[in-house]
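Inside the fold
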Amino acid sequence: MEAILALEDGRVWRGQGFGAKAEVAGEVVFNTSMTGYQEILTDPSYSGQIITMTYPLIGNYGLNNEDAESRTVFAEGFIVREVSRTVSNWRANESLDQYLTRHGVPGISEIDTRSLVRHIRERGSMRGCLSTEDTAEEAVVTRARNAPQMVGLDLASSVTCKEPYVWRDAQAEAYGSPTLLHGADLSVTSRMLHVVAYDFGLKRNSLRNMAALGCRITVVPAHTTAERVIALKPDGVWLSNGPGDPEPLKSVIENLKILCERFPVFGICLGHQLMGLALGGKTYKLPFGHHGGNQPVKDLTTGRIEITAQNHGFAVDADSLPADCEVTHLNLNDGTVEGLRHRTLPVYSVQYHPEAGPGPHDAAHLFERFVTAMKAAKKTK
Amino acid sequence: MPKRTDLHKIMILGSGPIVIGQACEFDYSGTQACKALRSEGFETILVNSNPATIMTDPELADRTYIEPLTVECVRAIIERERPDAVLPTVGGQTALNLAVALAEDGTLDRLGVELIGAKLDAIKVAEDRLLFKHAMEEIGLAMPRSGYVGSLDEARALIGVVGYPTIIRPSFTLGGTGGGIAFNGEEFDEIVLRALDASPTHETLIEQSIIGWKEYELELMRDVSDNVVIICSIENFDPMGVHTGDSITVAPAQTLTDREYQVMRDAAIKVIRKVGVETGGSNIQFALNPSNGDLMVIEMNPRVSRSSALASKATGFPIAKIAAKLSVGYTLDEIPNDITRKTPASFEPTIDYCVVKIPKWAFEKFPNSDATLGTQMKSVGEAMAIGRTFKEAFQKGLRSLESRSGFRVPDGLDDAELRRRLTVPSAERVYFVMHALERGYSIDELHELTRIDPWFLDNLLQIAECEKEIAKLTLRTIGPGRLKRFKQMGFSDQRIAQLTGAAEAEVRALRKSLGVSPVYKRVDTCGAEFESHTPYLYSTYEDEDEADSSDRKKIIILGSGPNRIGQGIEFDYCCCHAAFALKEAGYETIMVNCNPETVSTDYDTSDRLYFEPITFEDVMEIVEHEQPQGVIVQFGGQTPLNLAMRLLAAGVPIIGTSPESIDLAEDRKRFGKLLRELDIPQPPNGAAISIEEARAVAIGIGYPVLVRPSYVLGGRAMQIVYDESTLNNYMTYAVEASPEHPVLIDSFLEDADEIDVDALADGDRVVIAGIQQHIEEAGIHSGDSSCVLPPFSISRDHLDAMRRYTRELAKALNVIGLMNIQFAISQGRVYVLEVNPRASRTVPFVSKATGHPLAKIASLLMVGHKLSQFNLPDELTVDRFYIKSPVFPFVKFPGVDPILGPEMRSTGEVMGIAEAFGGAFLKAQLGAGTRLPREGAVFISVNDQDKRSLIDLGQSLLDMGFTLVGTRGTQRRLAAGNLPCDFVYKVNEGRPNIVDLIKSKKIDLVINTPLGRASFYDERAIRRAAMQYSIPCITTLTGAAAAVAAIRSLREEDIQVRSLQEYHAQAAAR
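Quick caveat: nothing in here was measured; it's all calculated off a predicted structure.

Overview of the overall build of chain B
A tally of helices and strands in chain B yields 37 helices and 38 strands. In terms of overall dimensions, chain B is globule-like: its C-alpha atoms have a radius of gyration of 28 Å, near the 31 Å expected for 1070 residues. Reported as C-alpha extents along the three principal axes, the dimensions of chain B are approximately 80 × 70 × 70 Å.

Some details on the overall build of chain A
Looking only at helices and strands, chain A features 11 helices and 19 strands. Relative to the 2.2 N^0.38 estimate, which gives 21 Å for 381 residues, the radius of gyration of chain A is 20 Å and therefore close to what a compact globule would have. Counting only C-alpha atoms, chain A reaches 65 × 45 × 40 Å along its principal axes. Sequence separation of 24 or more characterises 78% of the internal contacts of chain A that already satisfy a separation of 6 or more.

Here's the deal with the pairing of strand 16 (residues 381-387) of chain B
Residues and elements named next belong to chain B. Across the 7 residues that make up strand 16, a large majority, 7, are buried. Burial of the side chains of strand 16 extends over both faces: Gly-381, Ala-383, Ala-385 and Gly-387 are buried on one face and Glu-382, Met-384 and Ile-386 on the other. Where strand 15 (residues 354-360) meets strand 16, 7 bridges bridge the pair, whose relative direction is antiparallel. Looking at strand 16, one finds that Lys-360 is bridged to Gly-381.

Comments concerning the interface of chain B and chain A
One frequently used descriptor of interface size is the decrease in accessible area upon assembly of the parts. Taken together, the contact pairs 44 residues of chain B with 44 residues of chain A. Elements represented by at least two residues in the side of chain B that touches chain A include exactly helix 9 (258-275) and helix 16 (454-471) of chain B. Per-element accounting of the side of chain B that touches chain A gives the leading share, 7 residues, to helix 9 of chain B. Its residues assigned to classes, the side of chain B that touches chain A shows 15 nonpolar, 14 polar and 15 charged.

Here we look at the confidence of the model for chain A
Of all residues in chain A, 94% have pLDDT values of 70 or greater, and the mean over the chain is 93. The low-confidence segment residues 174-186 of chain A (pLDDT under 50) makes 30 contacts with residues lying over four places distant or belonging to another chain.

Some points on helix 11 (residues 365-380) of chain A
Helix length check: helix 11 of chain A (16 residues) gives 23 Å between terminal C-alpha atoms against 22 Å at 1.5 Å per residue, within 8%. As for helix 11 of chain A, its buried residues are in contact with helix 7 (204-212), strand 13 (236-239), strand 14 (265-268) and strand 19 (347-350) of chain A.

Things to note about the packing of helix 16 of chain B against helix 19 (residues 493-500) of chain B
Residues and elements named next belong to chain B. It is at 8 Å that the axes of helix 16 and helix 19 come closest, and there the two elements cross at 55°. Viewed along their axes, helix 16 and helix 19 adopt a mutual orientation that is oblique. Crossing of helix 16 against helix 19: the hand is right-handed. Residues Glu-467, Ile-470 and Ala-471 of helix 16 form the contact with helix 19, whose participating residues are Ile-496, Leu-499 and Thr-500. Among the residues making up the contact of helix 16 with helix 19, the classes are represented as 4 nonpolar, 1 polar and 1 charged.

Remarks on the domain arrangement of chain A
Residue and element names in this part refer to chain A. When its domains are assigned, chain A resolves into domain 1 (2-145) and domain 2 (156-380). Averaged C-alpha coordinates put domain 1 and domain 2 at centres separated by 27 Å. On the domain 2 side, the residues contacting the 24 residues of domain 1 number 26 residues. Every element with two or more residues in the side of domain 1 that touches domain 2 is listed here: strand 3 (23-31), helix 1 (37-41) and helix 3 (113-123). Element by element, the count of residues in the side of domain 1 that touches domain 2 is highest for strand 3, at 3 residues. Here the side of domain 1 that touches domain 2 is composed, by residue class, of 7 nonpolar, 11 polar and 6 charged.

Regarding the environment of A:Ser33
All names here are of chain A. Among the structural elements, Ser-33 can be located in the loop between strand 3 and helix 1. Exposure remark for Ser-33: the 24 C-beta atoms within 10 Å place this residue in the buried category. The spatial distance from the C-alpha of Ser-33 to the C-alpha of Ala-309 is 8.6 Å, given a sequence separation of 276 residues.

Thoughts on the sheet that holds strand 26 (residues 743-747) of chain B
Residues and elements named next belong to chain B. The antiparallel open sheet is built from 4 strands, whose spatial order is 23-26-24-25. This sheet does not close on itself; its edge strands, each paired only once, are strand 23 (685-688) and strand 25 (719-721). With direction set aside, neighbouring strand axes in the sheet form an average angle of 25°. Note that strand 24 (residues 705-709) and strand 26 share 5 bridges and pair antiparallel. Opposite Val-705, over in strand 26, you have Ser-747 as the bridge partner. Contacts between helix 26 (residues 691-701) and the sheet are confined to strand 23, strand 24 and strand 26, with strand 23 contributing the most and set at about 170° to the helix. Its contacts with the sheet place helix 27 (residues 724-734) against strand 24, strand 25 and strand 26, and it is angled at close to 145° to strand 25.

Some details on the environment of B:Glu448
All names here are of chain B. The topology assignment puts Glu-448 in helix 15 (residues 443-450). Among the residues examined, Glu-448 registers 13 C-beta atoms within 10 Å and is labelled partly exposed. Spatially, the C-alpha atom of Glu-448 lies 9.8 Å from that of Leu-422, the residues being 26 residues apart in sequence.

Considerations on the nonpolar core
By size, the foremost hydrophobic cluster in this structure holds 449 residues, and its most contacted members are B:Ile557 and B:Phe823. With 11 residues, helix 21 (residues 569-584) of chain B is the single largest residue contributor to this core. Counting contributing residues, this core receives three or more from each of domain 1 (2-145) and domain 2 (156-380) of chain A. Other than its neighbours up to four places away in sequence, B:Ile557 contacts B:Cys575, B:Ala578, B:Ala579, B:Thr589, B:Ile590, B:Met591, B:Ser606, B:Ile632 and B:Phe635.

A few points about the sheet that holds strand 37 (residues 1005-1008) of chain B
Residues and elements named next belong to chain B. The sheet built from 5 strands is open, its strands ordered 36-35-34-37-38 with parallel pairing. Since the sheet does not close on itself, it has two edges, and those belong to strand 36 (982-983) and strand 38 (1033-1034), each with one partner. Bridge analysis of strand 34 (residues 937-941) against strand 37 gives 4 bridges, and the strand direction is parallel. Directly across from Ser-941, in strand 37, lies its bridge partner Asn-1008.

Comments concerning the pairing of strand 26 of chain B
All names here are of chain B. Judged by how many residues are buried, strand 26 sits mostly within the fold: 5 of 5 residues are covered. Alternating positions in strand 26 separate into two faces, Val-743, Ile-745 and Ser-747 on one and Leu-744 and Asp-746 on the other, with burial throughout. In the sheet, strand 23 pairs with strand 26 via 4 bridges, with the strands oriented antiparallel. The partner of Gly-686 across the bridge, within strand 26, is Ile-745.

Details of unusual backbone geometry
A cis amide bond links B:Tyr703 to the next residue, B:Pro704, at an omega of -5°. Along the chain, B:Pro704 turns up in the loop between helix 26 and strand 24. In this chain, B:Arg991 is followed by B:Pro992 through a cis amide linkage whose omega measures 0°. The phi angle at A:Lys233 is positive, at roughly 50°, despite the residue not being glycine. Checked against the element boundaries, A:Lys233 lands in the loop between helix 8 (226-231) and strand 13.

Some points on the confidence of the model for chain B
One rule of thumb: low pLDDT means the predicted coordinates there are not for detailed reading. Confidence along chain B averages 93 in pLDDT terms, with 98% of residues attaining 70 or more. The ipTM value of the predicted complex is 0.96, and its pTM value is 0.96.

Remarks on the environment of B:Ser747
All names here are of chain B. One can find Ser-747 in strand 26. Linking Ser-747 and Leu-727, residues 20 residues apart in sequence, is a C-alpha distance of 13 Å. Leaving out residues up to four positions away in the same chain, Ser-747 has contacts with Pro-683, Pro-684, Asn-685, Ile-701, Gly-702 and Val-705.

Basis of the calculations
- Residues numbered from 1 in each chain as written.
- Chains lettered and ligands numbered in written order.
- Predicted model: local features only at pLDDT ≥ 70, side-chain atom pairs only at ≥ 80, totals over all residues.
- Helix = DSSP H or I, 4+ residues; strand = E, 2+ residues; numbered from the N terminus.
- Rg over C-alpha atoms; globule rule 2.2 N^0.38 Å.
- Contact = placed C-beta atoms within 7 Å.
- Buried ≥ 20, exposed ≤ 12 C-beta atoms within 10 Å, placed from the backbone.
- Pairing = 2+ DSSP bridges.
- Nonpolar A, V, L, I, M, F, W, Y, C, P; charged D, E, K, R; others polar.
- pLDDT = per-residue confidence, 0-100.
- Expected span 1.5 Å × (residues − 1).
- Axes fitted to C-alpha atoms, helices over the stretch in contact; angles between N-to-C directions.
- Parallel < 35°, antiparallel > 145°, perpendicular 65-115°, else oblique.
- Left-handed = near helix turned anticlockwise from the far one by under 90°.
- Domains from an automatic or database assignment.
- Core = buried A, V, L, I, M, F, W, Y, C linked by C-beta atoms within 7 Å.

This is how it looks when you write it as structure tokens:
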């Protein structure tokens, strides 16, 4: 199956198609993680995006029942140098080709992915179209140009859950609970704490991390009002990651303004950007974003460095933050804001992914920090 | 945290001579550490006994001690230098052991010296099996169950805990002999009894076998603020059971999901924190059960290692350099990433290619050794290859080894034998796997037999399938698309030619006409996320080229490929010097090499680095890409020389001595003619391509003769033949002679002195750099002989003759650069044995001794400088004795007789320096690990030729208070000279015999020269026993005489330690 990838600036790559026979458009981004393609494909934050893996050999260990981060594949398309034709891992039950076919997602392989990555690095992320449907080159380029711009795009509203639900982990007992793995301090756990989790495109591993610390979690849709959340009597509110630009989510931002005054709030990724906006800051689009598992972040409050998993195209502008907010984390590669907190309220957020999945567990302790904040708030009530 | 200000002077410990398991990688790490600490303004003191290293170049440290790495010598240096700190983590196990010894005996505390990098406690936890096991238990990590036992009863009690299968490994036996794997009680009892018997301490390890589990390694770095990063993950192609140094290894890990990888990462971080490695790099090995993911920790190295060198080259992250900076207080975020310049070192490299390392072995040099691979490392070198797929990297790696092309295995291999070859790990196993795939073995079946991961096997299957596809094609039918695909899979032009029945040149021509050429991509630590400022490149067949070649004047230096016996670090030293000198002279320097251990493959060494196989095809592509003004082939040993004529024919501008001259010196007939014209004597010789011819030549010359194949390295398959039946045997079995490669036959000069001369020439003038006399006589390979600068017993006439011949030959061959000549002096006459118009093994030794950087000068001569520009006398001199002594790997090869011969078998060298010959030899011996006794009993047994000198030798030993022990013949001869000698039985005569005496430590020195033509069981047993019980064993009479001088020095004076800089300053002042 032949396949073609075109960018909006007219550059075209031809390769072998795999996965579904389809034509998709979206923002083309690259991810530098060498492992974790299943988690990446199923991360709702990739909605509207076509992902290139910088590591060339993908599919080696297959796909399994436990590692999906959500109910389905959210990436629009997948670009790799070589797809493994065989699968080797005791947990694997499917090949990458089968998996993508089953989820209706097309892939392209046998292209010079490094040239694509360099192109994006030099010129910034751009829209592209990936087709495995024998489409003419010109048509594919046109489709890339007609894809929606990421700036101003509300994607969270389309990936969020439809109804609130109480989180129960079907995989709770499955291989390797992440919290046990990274040796969380279980003394901070409490069965009593109730977290309301806003789903802007959440990953299961975040919920697993909080559940492992003893939290009871109610997941609510993105546009749930502050009043409804207050009615759920949470001990804390958690804001998930998610796709797209945070700015169009005006009503969410208004809800957060209210909730921040009343509860400990912890935001991740898109949740962090929304928090920044709710606290009065601004966000902007990065040239090609951060997508990978090796980003160094310095915690300015402790001086420690964490190697973090990241996946974002927008960032909070440090200069835009009001005086009652402070930047707590910085990206050591480019100095962008990776975390912030309110100076007086128990409200804080990070741009990166403490839940990992995929990526290092260095920042998992942030969930403990959240639990501690909720306990403290409960005590003072 | 910024740099510590309380430290000013730091001592760095090197790793000593190259041995199996501890090679060039420590020159790479030590050199990086020296440079890093010096650039931070510290006064640096380096100690290393190995003169062939870059790190011992006098410019790299403030003071460089080329002294034995013994506790006594290092203590003396510390007392002299009074450093504030010692960095023990860049010099392998040797440096770590020294640091522990100096800490435990109180030296460091007494002198107020701090250990930086790793503290004593951390080293001990990591190194002590039991402490480490407890530490792992405390952090909840599993290790194989195990214990030490001293009796069968204890063993039986332990097996209940350990379980089958179990590994039984006797303590302190050579190469682990006497051990094995037991699958049931019956086997267990048998092996335990055997193991206890084999162990000198009557002790054996009983350990749960996890053979067949997947093996991984992680390379970590930690800073003083407890930030930890993983630099690289490595997955072993060969599963548990094969030493990682003997495994094909792949970076990054290929078959771990992110969950499993993160579990391993978390475990590794816990380990480094628990063990307490304060700053720097560590390597942690894991085993993983492929059926359920169970993880076990195997071991950790609290220092940089072979794997960290590999990881540095595989990722572009210079672990040793960063480790050195961390050791003086910097944190990871304060150190910039050299490659991206704008991001910090506090990150985890991500790579967008696949790296494969393949070991290189030297079993052919140890014919009776067990070539099975196991838990003891046996390889002598390695090649690394980079490709965008595993298949490409794997095939590039195989051709980097310079072994045969393709996957042919012996004809007529039956199924049972093939299965055995698949089950038992060996150097050749991967070829048998390929063969089995061609025969149609399924992946499941092969996995069952080899336990190699199915992912790797499937990739090999794809190569095998592709071979079949290519074989069905011709150059006419192949087409550009397919050709590119084959090249992407790593097939060489040569292999495609073989498979299609074409010539390599035709494949190349086709490729060029179809526009199928490689592009070069960068190793940049970050998967192209940031711009790279260091041209560290590898080839692949894709679209976009990033070489970004300049239009500066530039020189390509071809490296020496994987280390092997006869071609090792000395050549890397020369290549690095060429890069340093030419860079300084304003050239852009371009290095081509595929050895991950070396300094030459540090991206810092040259302006541009191509990490590529050194084959005609790969070199030509780089030459076409770069269009250099010159290519240097004379520094990398035989590897680039073998390409020289083809490169020249292809129009490549080779600089320095012309390849024709190099070829002439190798060509028996033409070279003989030249010598006759110059009236320079050569031992009578001839060449033969059949048994008949060989016999005729040998009769013409007269036995004994020295026979060898042409164009070989390190005396490969070289033999002294005393009679016709041995000659027949040799011609039939030992070599394949052909008209292109005849067997060379020389008259063997018995009892001849051998001399090496190194010289520099610029086409007009010749400077003699060093005349080195061998301690061992001609017939012992020059690389295996101790050599002495200046000569200690050569007459002025003979020296003058050698000087004259050297100058005449340099001019006749129009040498530009370096030249080495081997002479023999027999019965008053000087003969030329061999001329090599190129860098030799002794270049670094002579450079260190004379204080003149020969390879640097030579490389400048090659670009047109003249000797007159360097202010050199006609002959360099030294004002004391410098002795280079070899180090052998016999301990690793049970069953091999540790005697010297015409085939080189040493892996490394040390240098001893002193005012007098005896003192220098004593230091060289100490450096090589031989502790000559001050007193005690000497067992002497010499062959008939050597009996003449027996009385003198015996008398000298008796004069120093030794007692002599000998068998009947020796005793009788000594008695004839009125010398007392205690009688001892030969091995088969009765008991206690000589081996019993050695085992009960009643002998302090063995002098045993091989009895004539073949070595007998008796003497082998003596030599093996001496080796096992670490008793010095000398196998030549000249060696014995030198040892006597050394012992005298040991008894009469203290060992003096001085830095090279002091020696050179003294020499200059005299």
